[in-house]
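Per-entry structural report
Below are the chains, spelled out letter by letter.
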Amino acid sequence: MRTPLLLALPLALTALNAAADYPDKPITLIVPFAAGGPTDKVARDLAEAIRKPLGGTVVIENVGGAGGTLGAARVAKAAPDGYTVLLHHIGIASAPSLYRNLPYKTLEDFEYLGMVNEVPMTLIGRTTLPAGSYAELGKWLEANKGKINLAHAGVGSASHLCGLLYQSSIKLDMITVPYKGTAPAMNDLLGGQVDIMCDQTTNTTGQIESGKVKAYAVTTSKRLSAPALAKLPTLDEAGVKGFNMSVWHGLYAPKGTPKAVVDKINGALRTALKDPEFHKRQEALGAVIIADARLAPVEHKKFVEAEINKLSPVIKAAGQYAD
């Protein structure tokens, strides 16, 4: 009778051989949102940058719907061979609290491959708001309790999560106005139909530069260097102590993907993130490339778990769930 070790040896050798040949066919990078959006743009830039160090073709497939959960579920159920990979944003951390019947387990059904970038957010308002600074805005918000309209791009969107966290942090409830995307939310803010919104710099910087909105603060722990944003205080500086939120992106593979394949993808990711052209394109989006411990799969997973724990009580307290 063969021992358990002898039984396991052929399987281990097969996995190593598969990893050595990886990739020998195109890799599908699932984007769980529609083409043309910020996450899709990050994915297409990354696919180009990672192609050479990975040594294979990367094909983008957009699988939108249900706030990113359909695309994530596709990857969770895919063959664990490294040929189906997910690029997801902060929504992978909010989904466990937002969706009552999530078709996957965020911390159990994926191999974490490393983080890609972070996109800062800004707190902006309609131009007709009387407040000219964050200090004045705080007083205006307090004086108009129960009448403030806060726009967001739909349940589970980055602007929705930022708005929930902001309300929780300042202990002031607002009338949240959901839209089907950032564009219609921004249009109503420009038209003065809603009062304030918290959204990514990729969507707000141009409006701030043109003077079409009032900008009050950034949501990150440090000030931003972009000319249009450099003078804005952080919310922490402005008195909302400890506030720190950005839209981050990470890579994921199905659980059980061989470690050698995970290591190869992670190595290629680290090389891609140093690519000058990738840096240039990401800076144009207002994104900051990850260059810390979260590049490692184990630290990436720890970060996502911490984000789940941060967002869960805020979402549950608001009671704003997705179908």
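You'll find the structure just up there.
This report concerns the structure included in the present document. Just so it is clear, the model here is predicted, and its values are computed rather than measured.

1. Remarks on helix 10 (residues 276–284)
- For helix 10, the N-terminal cap is Asp 275; the gap from its side-chain oxygen to the backbone nitrogen of Glu 277 is 3.0 Å.
- Of the residues flanking the end of helix 10, it is Gly 286, one or two places downstream, whose phi is positive at about 80°.

2. Considering the pattern of salt bridges
- Scanning all chains against the criterion turns up 16 salt bridges.
- With its nearest N and O atoms 3.4 Å apart, the salt bridge here joins Lys 41 to Asp 45. Of this pair, Lys 41 and Asp 45 both sit in helix 2 (residues 38–54), separated by four residues, roughly a single helical turn.
- In this structure Lys 41 comes out as partly exposed when scored by relative accessible area, which is 35%.
- Taking relative accessible area as the criterion, Asp 45 reaches 4% and is therefore assigned buried.

3. Section: the environment of Ser 94
- Within the secondary structure, Ser 94 sits in helix 4 (residues 91–98).
- Non-local contacts of Ser 94, meaning those with residues more than four positions away in its chain, are made with Gly 156, Leu 161, Leu 311 and Ile 315.

4. Some points on the packing of aromatic side chains
- Evaluated as defined, the whole model comprises six aromatic pairs.
- Aromatic side chains Tyr 112 and Tyr 252 sit 5.1 Å apart centroid to centroid with 80° between the ring planes, which places their arrangement in the edge-to-face category. One end of the pair, Tyr 112, is in strand 4 (residues 110–125); the other, Tyr 252, is in strand 9 (residues 246–254), with 140 residues separating them in the sequence. With respect to burial, Tyr 112 and Tyr 252 carry one shared label: buried.
- When the ring centre of Tyr 83 is taken as reference, the NZ or CZ atom of Lys 25 above it lies at 4.7 Å.
- One Lys or Arg, Arg 294, reaches over the ring of Phe 303 and ends 4.8 Å from the middle of that ring.

5. Let's talk about empty space enclosed by the protein
- Within the structure shown, the criterion is met by three cavities of 30 Å³ or more.
- Its boundaries defined by the atoms lining it, the largest cavity holds a volume of some 80 Å³.
- Along the walls of the largest cavity sit Tyr 22, Ile 27, Leu 29, Leu 46, Ile 50, Leu 54, Val 58, Val 85, Leu 251 and Ile 265, which together make up its complete lining.
- Residue assignment for the lining of the largest cavity shows that the elements contributing at least two residues are strand 1 (27–31) and helix 2.
- The dominant element in the lining of the largest cavity, judged by the number of residues it contributes, is helix 2, at three residues.
- Looking at the lining of the largest cavity, its residues break down into ten nonpolar, no polar and no charged.
- Here the second largest cavity is characterised by a volume of approximately 40 Å³.
- In this structure, the second largest cavity is lined by Pro 38, Val 42, Asn 117, Val 119, Gln 200, Thr 202, His 249, Gln 282, Leu 285 and Ala 287.
- Put simply, the parts of the chain that give the lining of the second largest cavity at least two residues each are helix 2 and strand 4.
- Class assignment for the residues of the lining of the second largest cavity results in five nonpolar, five polar and no charged.

Calculation criteria
- Residues numbered from 1 in each chain as written.
- Predicted model: local features only at pLDDT ≥ 70, side-chain atom pairs only at ≥ 80, totals over all residues.
- Heavy atoms only, no water.
- Polar contact = N/O pair within 3.5 Å; in protein donor to acceptor, adjacent residues only side chain to side chain.
- Helix = DSSP H or I, 4+ residues; strand = E, 2+ residues; numbered from the N terminus.
- Salt bridge = Lys/Arg side-chain N within 4 Å of Asp/Glu carboxyl O.
- Buried < 20%, exposed > 50% of the residue type's maximum accessible area, 1.4 Å probe, protein only.
- Contact = heavy atoms within 4.5 Å.
- Phe/Tyr/Trp six-rings, centres within 6.5 Å; stacked < 30°, edge-to-face > 60°.
- Lys NZ or Arg CZ within 6 Å of the ring centre and 35° of its normal.
- 1 Å grid on protein atoms, 1.4 Å probe; cavity = no way out; pocket = protein on both sides within 12 Å on 5 of 7 lines; lining within 4 Å.
- Points joined across faces, edges and corners; volume = space filled by probe spheres on them.
- Nonpolar A, V, L, I, M, F, W, Y, C, P; charged D, E, K, R; others polar.

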